[in-house]
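# Overview (structure and organization)
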Amino acid sequence: MTDENKQEEQEEAAAEQVSQVAVQSLKETAAEVPKEAAKDKTPQKVEIPKNCGECKKPVAKMRYYRNMKFFCNKKCWKTFKDKEAKKKEEAQQKAAA
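A short tour of the structure in this document, coming up. (Residues numbered from 1 in each chain as written. Predicted model: local features only at pLDDT ≥ 70, side-chain atom pairs only at ≥ 80, totals over all residues. Heavy atoms only, no water.)

Bringing unusual backbone geometry into the picture now. In this structure, Lys-56 takes a positive phi of about 65° despite not being glycine. Mapped onto the fold, Lys-56 is located in the loop between helix 1 (2-41) and strand 1 (64-66). (Helix = DSSP H or I, 4+ residues; strand = E, 2+ residues; numbered from the N terminus.)

Here you go:
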């Protein structure tokens, strides 16, 4: 009987060690997941350009923000818009041909 009791105690101790290792590994993986998620949640810094989107001259005060770009005045914005329209038409013509 004593041999059986010793074997049972050894099996229980081994089972406890396995469960402790499993718990530690779960804690480690749980600790790693929030760190990765926190890295993904931080917003990326967007660079604000210091130059006009059309004429590329440095502008101290950006006056017009259109189409995800800054322009120094309305004239530059319109010329940029016209150039983009031309590029789009050419692309459509190439696609149609």
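Pairing between side chains becomes possible if they bear opposite charge and their charged atoms approach one another. Using the criterion set out here, one finds two salt bridges in the structure. Here Lys-83 ties to Glu-54 by a salt bridge, and the two come within 2.9 Å at their closest N and O atoms. One end of the pair, Lys-83, is in helix 2 (residues 74-96); the other, Glu-54, is in the loop between helix 1 and strand 1, with 29 residues separating them in the sequence. The buried category is assigned to Glu-54, whose relative accessible area is 19%. Across the pair Lys-87 and Glu-84 runs a salt bridge whose closest N-O atoms are separated by 4.0 Å. Of this pair, Lys-87 and Glu-84 are both found in helix 2, three residues apart, which corresponds to roughly one turn of the helix. (Salt bridge = Lys/Arg side-chain N within 4 Å of Asp/Glu carboxyl O. Buried < 20%, exposed > 50% of the residue type's maximum accessible area, 1.4 Å probe, protein only.)

Bringing a negative patch on the surface into the picture now. Together, Asp-3, Glu-4, Glu-8, Glu-9, Glu-11, Glu-12 and Glu-16 make up a negatively charged patch on the protein surface. With a relative accessible area of 54%, Glu-9 lands in the exposed category. (Patch = residues over 30% accessible without salt bridge, like charges linked within 9 Å, V, L, I, M, F, W, Y side chains within 5 Å. Areas by Shrake-Rupley, 256 points an atom, 1.4 Å probe, with all protein chains shown as cover. Lys, Arg positive; Asp, Glu negative; His and termini not counted. Charge placed at Lys NZ, Arg CZ, Asp CG, Glu CD.)

On inspection of all chains with the given rule, the structure shows zero disulfides. In this model Cys-52 remains outside any disulfide bridge; the closest cysteine sulfur is found in Cys-55, 3.6 Å from its own. Owing to a relative accessible area of 2%, Cys-52 belongs among the buried residues under this scheme. Free cysteine Cys-72: the closest other cysteine sulfur is in Cys-76, separated by 3.4 Å. Of the residues examined, Cys-72 reaches a relative accessible area of 8% and is grouped as buried. (Disulfide = S-S within 2.5 Å.)

The subject of this paragraph is the packing of aromatic side chains. Taken as a whole and judged by the stated rule, the model has two aromatic pairs. Measuring from centroid to centroid gives 4.7 Å for Tyr-65 and Phe-70, while their planes differ by 50°, and the two rings are tilted. What makes Tyr-65 partly exposed here is its relative accessible area of 42%. Overall, the relative accessible area of 19% leaves Phe-70 in the buried class. Taking 5.1 Å as the distance between ring centres and 50° as the angle between the ring planes, the aromatic pair formed by Phe-71 and Phe-80 counts as tilted. Since its relative accessible area comes to 9%, Phe-80 is described here as buried. (Phe/Tyr/Trp six-rings, centres within 6.5 Å; stacked < 30°, edge-to-face > 60°.)

This part is about the nonpolar core. Core analysis: the biggest nonpolar cluster contains seven residues, these being Cys-52, Val-59, Phe-71, Cys-72, Cys-76, Trp-77 and Phe-80. Sort the elements by how many residues they give to this core and helix 2 lands first, with three residues. Here Cys-76 is in contact with Cys-52, Glu-54, Cys-55 and Phe-71, once residues within four sequence places are set aside. (Core = buried A, V, L, I, M, F, W, Y, C linked by side-chain atoms within 4.5 Å. Contact = heavy atoms within 4.5 Å.)

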